[in-house]
Amino acid sequence: MVTGVMNIEEGASLPAKNTFQVFMCSIIAAVGGLMFGYDIGISGGVTSMDTFLIKFFHHVYEKKHRVHENNYCKFDDQLLQLFISSLYLAGIFASLAASYLSRRFGRKPIIMSASAFFLCGAILNFFAQELGMLIGGRILLGCGIGFGNQTVPLFISEIAPARIRGGLNLMFQFLITIGILAASYVNFLTSTVKDGWRYSLGGAAVPALILLIGSFFIHETPASLIERGKDEEGKRVLRKIRGLEDIELEFNEIKRATEISNKVKSPFKELFTKSENRPPLVCGTLLQFFQQFTGINVVMFYAPVLFQTMGSGNNASLISTVVTNGVNAVATIIAVVMVDRLGRKFFLVEGATQMTATQISIGALLLKHLHLIGPITSRSVPLIVLILICIYVSGFAWSWGPLGWLVPSEIYPLEVRNAGYFCAVAMNMVCTFVIGQFFLSALCRFRSALFFFFAVMNVIMGLFVIFFLPETKGVPIEDMAEQRWKKHWHWRKYFKQN
Ligand code: BGC
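Residues numbered from 1 in each chain as written. Predicted model: local features only at pLDDT ≥ 70, side-chain atom pairs only at ≥ 80, totals over all residues. Heavy atoms only, no water.

Asks: Go over the nonpolar core, please, and point to the residues and values.
Replies: Within the largest apolar cluster, 134 residues are counted, with the highest numbers of intra-cluster contacts made by Phe52, Phe57 and Trp400. The element contributing the most residues to this core is helix α1 (residues 20-47), with 13 residues. Those residues in contact with Phe52, other than ones at most four positions away along the chain, are Val46, Thr47, Phe57, Leu80, Phe83, Leu134, Trp197 and Leu201. Counting six residues, the second-largest nonpolar core is a separate cluster that includes Ala223, Ile226, Leu238 and Phe251. (Core = buried A, V, L, I, M, F, W, Y, C linked by side-chain atoms within 4.5 Å. Buried < 20%, exposed > 50% of the residue type's maximum accessible area, 1.4 Å probe, protein only. Helix = DSSP H or I, 4+ residues; strand = E, 2+ residues; numbered from the N terminus. Contact = heavy atoms within 4.5 Å.)

Right under this line is the structure:
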């Protein structure tokens, strides 16, 4: 097996032009991020729309409008949460399937299938008449996201020349944030239209169609072709995407990688049993666990609901959401530009600190001003919370957001990189599921204390980065063990020292 993510620096000397083909293929594939982001951004707004609640969750609608209802419990409903989180459950299985299928059949067919699944899910949701159709649609969307998230970042890494691989890779996260932003704007537009939720959910067809049509124009990656014995085709694609006739050097490099990794018959077994793989496995998987426990998806899924909980009107909540999502997209650009200069650890620690401070402030404000029953006691609180959420989101967007995906792609040795990356994707899906499924119940039970919980998590993850994560900036991936893990005060014990 050729692993998907190859060394960012490895082969930096390999000749390559920055061709139109490479940019086109990477941008088209990154539309997978647009699908993912659209879904993240659309669900929260839809669940706060009255017409949607009346049709599918009438009891939640009634509860929401009962004046004396506990402020924190208005939206607490397992089925409503299942609507959001069912997608992630499906996504976990789909990404496992994708990690196997993309090795066997190539990356391109999996990206195509991702868009087809997503398109079917969007259509089913648009026509949904009952809860079953709605959840069925979510499951199809989840299959699309699982296929896409497992394959797209790996595809970009394989197609891109080494020296721009990092930047092209972060485009995936950037398009996630654009998707979230677009979705919140769509929700804002459709919230006043009759049955507007249908258009919001059906709108998912747009990124899916772009990806589906676009995927006919992308090339299969040379690594995948060579891995499956199609050497001549691999060379032909290499010539095209590198804009050069002489590609022997890179071809041989890929061939060598194929031979090494083909010796490992069971990458998952190798990943879980070999002690040298423990440090990247722990760090890569925990990074995604922590990414979700920053509490980001509480904001992404439930911001409109949160603003309504604080007494804002429907429109005001949706506008607030557009604002926070705009901040998310803009702040991501800072990471794209700066992360190779200031390093991963700097951003991860800074982001965790910024998020801790804002979570504590939000918790304290709600504790003081949003009591169990009755309106919020200060009219300025929703605005202050909005500002705090923007600061919080920007902290996430230039740190744990992109780096939660980038770091796991650069810390594994070649032969287990694909399997290791799957663990990060799966951890992302499991934790997103947990947050999606339980946040509203947790808000009902723990109220503002929930924000203090996330603050504590942010402190823990900041400390984890300081003490356990080596700085990976500028280190060739294949030298990661020598230069970083073997020299680390804790992780070095997992290596036989020579
Ligand atoms: C995370 C998502 C999150 C998004 C927000 C991604 O990196 O995986 O869970 O909603 O960033 O921008």
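Asks: Go over the site of the ligand with me, naming the residues and quoting the values.
Replies: Surrounding the ligand, one finds 13 residues, the nearest of these being Gln173, Gln291, Gln292, Asn297 and Trp405. Side-chain polar atom of Gln291 to an oxygen atom of the ligand: 2.9 Å apart, as the coordinates give it. The site holding the ligand turns out to be the largest cavity. For the shell around the ligand, the elements supplying multiple residues, two or more each, are α7 (165-190), α14 (278-293), α15 (296-309) and α19 (400-406). Considering each element in turn, the shell around the ligand owes the most residues, three residues, to α7. In terms of residue class, the shell around the ligand is made up of five nonpolar, eight polar and no charged. (Near = heavy atom within 4 Å. Polar contact = N/O pair within 3.5 Å; in protein donor to acceptor, adjacent residues only side chain to side chain. 1 Å grid on protein atoms, 1.4 Å probe; cavity = no way out; pocket = protein on both sides within 12 Å on 5 of 7 lines; lining within 4 Å. Sits in = over half its atoms within 2 Å of the grid points. Nonpolar A, V, L, I, M, F, W, Y, C, P; charged D, E, K, R; others polar.)

Asks: Could you give an account of the packing of helix α4 (residues 78-105) against helix α20 (residues 417-446), naming the residues involved and the relevant values?
Replies: In contact at an axis separation of 8 Å, α4 and α20 are set at 170° when each is read in the N-to-C sense. As the angle between them shows, α4 and α20 are arranged roughly antiparallel. Partitioning the contact of α4 with α20 into residue classes produces 16 nonpolar, ten polar and no charged. (Axes fitted to C-alpha atoms, helices over the stretch in contact; angles between N-to-C directions. Parallel < 35°, antiparallel > 145°, perpendicular 65-115°, else oblique.)

Asks: Residue-level account of the environment of Lys235, with values.
Replies: Along the chain, the position of Lys235 falls in helix α11 (residues 231-242). For Lys235, a relative accessible area of 14% puts it in the buried group. A sequence separation of 83 residues divides Lys235 from Val152, and the C-alpha atoms of the two residues are 22 Å apart. Setting aside residues no more than four positions away along its own chain, Lys235 makes contact with Ile247, Glu248 and Phe251.

Asks: Please give an account of the pattern of salt bridges that cites residues and values.
Replies: Inspection of every chain in the model, using the stated rule, returns 14 salt bridges. Among the salt bridges present, the one from Lys255 reaches Asp231, with a minimum N-O distance of 3.0 Å. Of this pair, Lys255 sits in helix α12 (residues 248-263) while Asp231 is found in helix α11, placing the two residues 24 residues apart along the sequence. Taking the shortest distance from any N to any O, the salt bridge between Glu250 and Arg242 comes out at 2.8 Å. The two residues Glu250 and Arg242 agree in class, both being buried. (Salt bridge = Lys/Arg side-chain N within 4 Å of Asp/Glu carboxyl O.)

So yeah, pure geometry; function would need other evidence.
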